[in-house]
Amino acid sequence: LDAGIDLDDTEAVADAVAAMPLEMGTDPKAPSISMGGNPIDSDIRTTRIAEVVSKVATNLAVRPKLQQRQRELMAQIAADQGGVVAEGRDITTVVAPDAEVRILMVASEEARLARRSKEVHGGADESMLAATRAQIVDRDKADSTVSQFMTAADGVVTLDTSELTFQQSFEAVLTLAEL
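Residues numbered from 1 in each chain as written. Predicted model: local features only at pLDDT ≥ 70, side-chain atom pairs only at ≥ 80, totals over all residues. Heavy atoms only, no water.

Considerations on the overall build of the protein chain
What counts is decided by this rule: Under the DSSP-based scheme used, a helix requires at least four consecutive residues in state H or I and a strand at least two consecutive residues in state E, with every element numbered from the N terminus. C-alpha atoms define the radius of gyration, and 2.2 Å times the number of residues to the power 0.38 defines the globule rule. The buried label goes to any residue with under 20% of its type's maximum accessible area, the exposed label to any with over 50%, and the partly exposed label to all in between, with areas taken from a 1.4 Å probe on protein chains only. The criterion used for residue contact is that any of the two residues' heavy atoms lie within 4.5 Å. Residue burial considers only the protein chains on display, and all accessible areas are found by Shrake-Rupley using a 1.4 Å probe. Think of it this way: Lys and Arg go in the positive column, Asp and Glu in the negative one, and His and the chain ends go nowhere. We put the charge of a Lys on NZ, of an Arg on CZ, of an Asp on CG and of a Glu on CD.
Of the regular secondary structure elements, the protein chain holds eight helices and five strands. Each helix (α) and strand (β) of the protein chain, taken in turn from the N terminus, gives the series α-β-β-β-α-α-α-α-β-α-α-β-α. Radius of gyration (C-alpha) of the protein chain: 17 Å, near the 16 Å computed for a compact globule of 179 residues. Taken over 179 residues, the protein chain has a buried fraction of 25%. A separation threshold of at least 6 residues defines the contact pool for the protein chain, and within that pool the share at least 24 residues apart is 58%. A total accessible area of about 11600 Å² is found for the protein chain, and carbon and sulfur atoms account for 54% of it. Across the protein chain, 17 positive and 30 negative side-chain charges occur, with their mean positions spaced 2 Å apart.

Okay, here's the thing in C-alpha cells:
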C-alpha cells in the first residue's frame, strides 16, 4: 500500500513481496515485525490493512513466496533455539505439515469478533463489534477460497478456545504438546 502498488496486479504484488525487507523478531517476550527496519506491529492490525489483506493473502503468486519465507524463518529459529512455535492459517497444512505438534485453534465467530474488537478498538460494545465484523467475516470468506484453514488435516488436533481465557488456551496447548 505504501508503495502505491495496485493490489489487483497479482504479478506486481508478488514481485514486491519477493523484494520486501520483512523482518520478524523471534523473541517470544517481545514479538516484533518490521519492514526495512521500521516497526509495523501495530500497523498490520489497523482497519486500513484489514480491509485489503485478503487481496494479498489470496494472491496465488504471493502465497508460495510467503510460505517459503515462513519455512526458512522457522528452520532458523529451530536451529538457534531448539524449537519453534508458529501460528497462522496455513502452518499445519502447508508451511509445516511435518511438525511434531500441530494444533488447529478455532473459536466461534462471536469469540473471535470480541477478541479482535478489544485488540483493535479497546472494547467490544455493539458499535465496536460492528466495526470489526466485516474484517473478520469478509477475510474468512475470501481466504477460504485458497485455504481450508478451518478444517483440521489428518494428524492435526482441533482446540476450540471459544470459552477459554488466554491463559486457559495456553495451558491447553501445553497439554497437547506434552502428549
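Comments concerning the side chain of T161
Relative to the elements of secondary structure, T161 occurs in the loop between strand 5 (157-160) and helix 8 (166-178). Taking the relative accessible area as the measure of exposure, T161 reaches 5% and is therefore buried. In contact with T161, not counting residues within four places along its chain, are M105, V106, A107, R115 and S169.

A look at the sheet that holds strand 2 (residues 33-35)
Our working rule: Pairing between strands is defined by DSSP: at least two bridges between the two strands are required.
The sheet built from three strands is open, its strands ordered 1-2-3 with antiparallel pairing. In this open sheet, the two edge strands, each paired with only one partner strand, are strand 1 (22-24) and strand 3 (38-39). Summarising the sheet, strand 2 and strand 3 pair through two bridges and their orientation is antiparallel. Counterpart to S34 in the pairing with strand 3 is P39.

Considerations on the packing of helix 1 (residues 10-19) against helix 4 (residues 63-81)
Packed helix pairs are characterised by how far apart their axes lie and by the angle those axes make with each other. We apply this condition: For helices, the axis comes from a line fit to the C-alpha atoms of the stretch in contact; other axes are also lines fit to C-alpha atoms, and the angle between any two N-to-C directions lies between 0 and 180 degrees. Between 65 and 115 degrees an angle is taken as roughly perpendicular, under 35 as roughly parallel, over 145 as roughly antiparallel, and anywhere else as oblique. Two helices that cross are described as forming a left-handed crossing if the nearer one is turned anticlockwise from the farther one by less than a right angle, and a right-handed crossing if clockwise. Residues are grouped as follows: Ala, Val, Leu, Ile, Met, Phe, Trp, Tyr, Cys and Pro are nonpolar; Asp, Glu, Lys and Arg are charged; every other residue, Gly included, is polar.
At their nearest, the axes of helix 1 and helix 4 sit 9 Å apart, and the two run at 15 degrees to each other. Put simply, helix 1 runs roughly parallel to helix 4. Relative to helix 4, the crossing made by helix 1 is left-handed. Residues A14, V17 and A18 of helix 1 pack against K65, L66 and R69 of helix 4. When grouped by side-chain class, the residues that make up the contact of helix 1 with helix 4 number four nonpolar, no polar and two charged.

Some remarks on helix 4
What counts is decided by this rule: By this rule, a helix spans an expected 1.5 Å times one less than how many residues it contains.
Counted at 1.5 Å a residue, the expected span for helix 4 with its 19 residues is 27 Å, and the 26 Å between its end C-alpha atoms agrees. Two residues or fewer after helix 4 comes G82, characterised by a positive phi angle close to 90 degrees.

Remarks on a negative patch on the surface
This is how the line gets drawn: Residues forming no salt bridge and having over 30% relative accessible area are the ones grouped into patches, like charges within 9 Å of each other and nonpolar side chains (Val, Leu, Ile, Met, Phe, Trp, Tyr) within 5 Å. When a carboxyl oxygen of Asp or Glu is within 4 Å of a side-chain nitrogen of Lys or Arg, the pair counts as a salt bridge.
On the surface, D6, D9, E11 and D15 cluster together into a negatively charged patch. Counting through the fold element by element, E11 comes out in helix 1. Assessed through its relative accessible area of 48%, E11 is described here as partly exposed.

Details of the nonpolar core
Under the convention used in this document: Residues belong to one nonpolar core when they are buried, are Ala, Val, Leu, Ile, Met, Phe, Trp, Tyr or Cys, and are joined through side-chain atoms within 4.5 Å.
If you look at the biggest cluster of nonpolar residues, it comprises six residues: L7, V13, A14, V17, M20 and V62. Leave out the neighbours within four places in its chain, and V17 touches V62, K65, L66 and R69.

Describing helix 6 (residues 109-121)
Taking 1.5 Å of rise per residue, 13 residues should cover 18 Å, and helix 6 covers 17 Å from first to last C-alpha, within 8% of that figure. When helix 6 is considered as a whole, its buried residues turn out to be A111, R112, L113 and S117. G122 sits one or two positions beyond helix 6 and adopts a positive phi of about 85 degrees.

Just geometry here; none of it tells us what the structure is for.
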